[in-house]
Amino acid sequence: MLVLSRKKNESIIINNDITIVVVEIRGDKVRLGVEAPKEVPVHRREVYEAIKRVEAEQQRASSGADSTIE
């Protein structure tokens, strides 16, 4: 894992087209701004994990339904 130090209003660039900006630092919280192309999904980790759980459940349900059809 690459660990970087940034101050308010400083940024990092990922893959030439994604910019992460430190918008605000308040106590133990950091607010980040993300600029990315519309086709690049950007989620908080807990939202991403919830999406993946739902997708996995849907895939299991559809594969189970396929196996019962004969």
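Predicted model only: the values in this text are computed from it and were never measured. (Residues numbered from 1 in each chain as written. Predicted model: local features only at pLDDT ≥ 70, side-chain atom pairs only at ≥ 80, totals over all residues. Heavy atoms only, no water.)

A. The arrangement of the overall build of the protein chain in detail. In terms of regular secondary structure, the protein chain is built from one helix and three strands. Compactness check: the protein chain gives a C-alpha radius of gyration of 19 Å against a globular reference of 11 Å for 70 residues, more than 25% above the reference. Seen through its principal axes, the protein chain has C-alpha atoms that stretch 60 × 30 × 20 Å. Every one of the 70 residues in the protein chain was classed for burial, and the buried ones make up 11%. For the protein chain, the proportion of contacts with a sequence separation of at least 24, taken over those separated by at least 6, is 0%. Split by element, the accessible area of the protein chain, about 6600 Å² in all, is 52% carbon and sulfur. The average position of the 12 basic charges and that of the 12 acidic charges among the side chains of the protein chain differ by 10 Å. (Helix = DSSP H or I, 4+ residues; strand = E, 2+ residues; numbered from the N terminus. Rg over C-alpha atoms; globule rule 2.2 N^0.38 Å. Buried < 20%, exposed > 50% of the residue type's maximum accessible area, 1.4 Å probe, protein only. Contact = heavy atoms within 4.5 Å. Areas by Shrake-Rupley, 256 points an atom, 1.4 Å probe, with all protein chains shown as cover. Lys, Arg positive; Asp, Glu negative; His and termini not counted. Charge placed at Lys NZ, Arg CZ, Asp CG, Glu CD.)

B. How the structure looks around the environment of A36. Its place among the elements puts A36 in the loop between β3 (29-35) and α1 (45-68). Looking at A36, the relative accessible area reads 30%, which means it is partly exposed. Residues A36 and I18, 18 residues apart in the sequence, show an inter-C-alpha distance of 4.6 Å. When near neighbours in sequence (up to four residues on either side) are disregarded, A36 contacts D17, I18 and V42.

C. View of the pattern of salt bridges. Taken as a whole and assessed by the stated rule, the structure comprises six salt bridges. R6 serves as the salt-bridge partner of E10, at 3.6 Å between the closest nitrogen and oxygen. Taking relative accessible area as the criterion, E10 reaches 28% and is therefore assigned partly exposed. The partner of R44 in a salt bridge is E46, with the nearest N and O atoms 2.7 Å apart. Given a relative accessible area of 47%, E46 falls into the partly exposed group. (Salt bridge = Lys/Arg side-chain N within 4 Å of Asp/Glu carboxyl O.)

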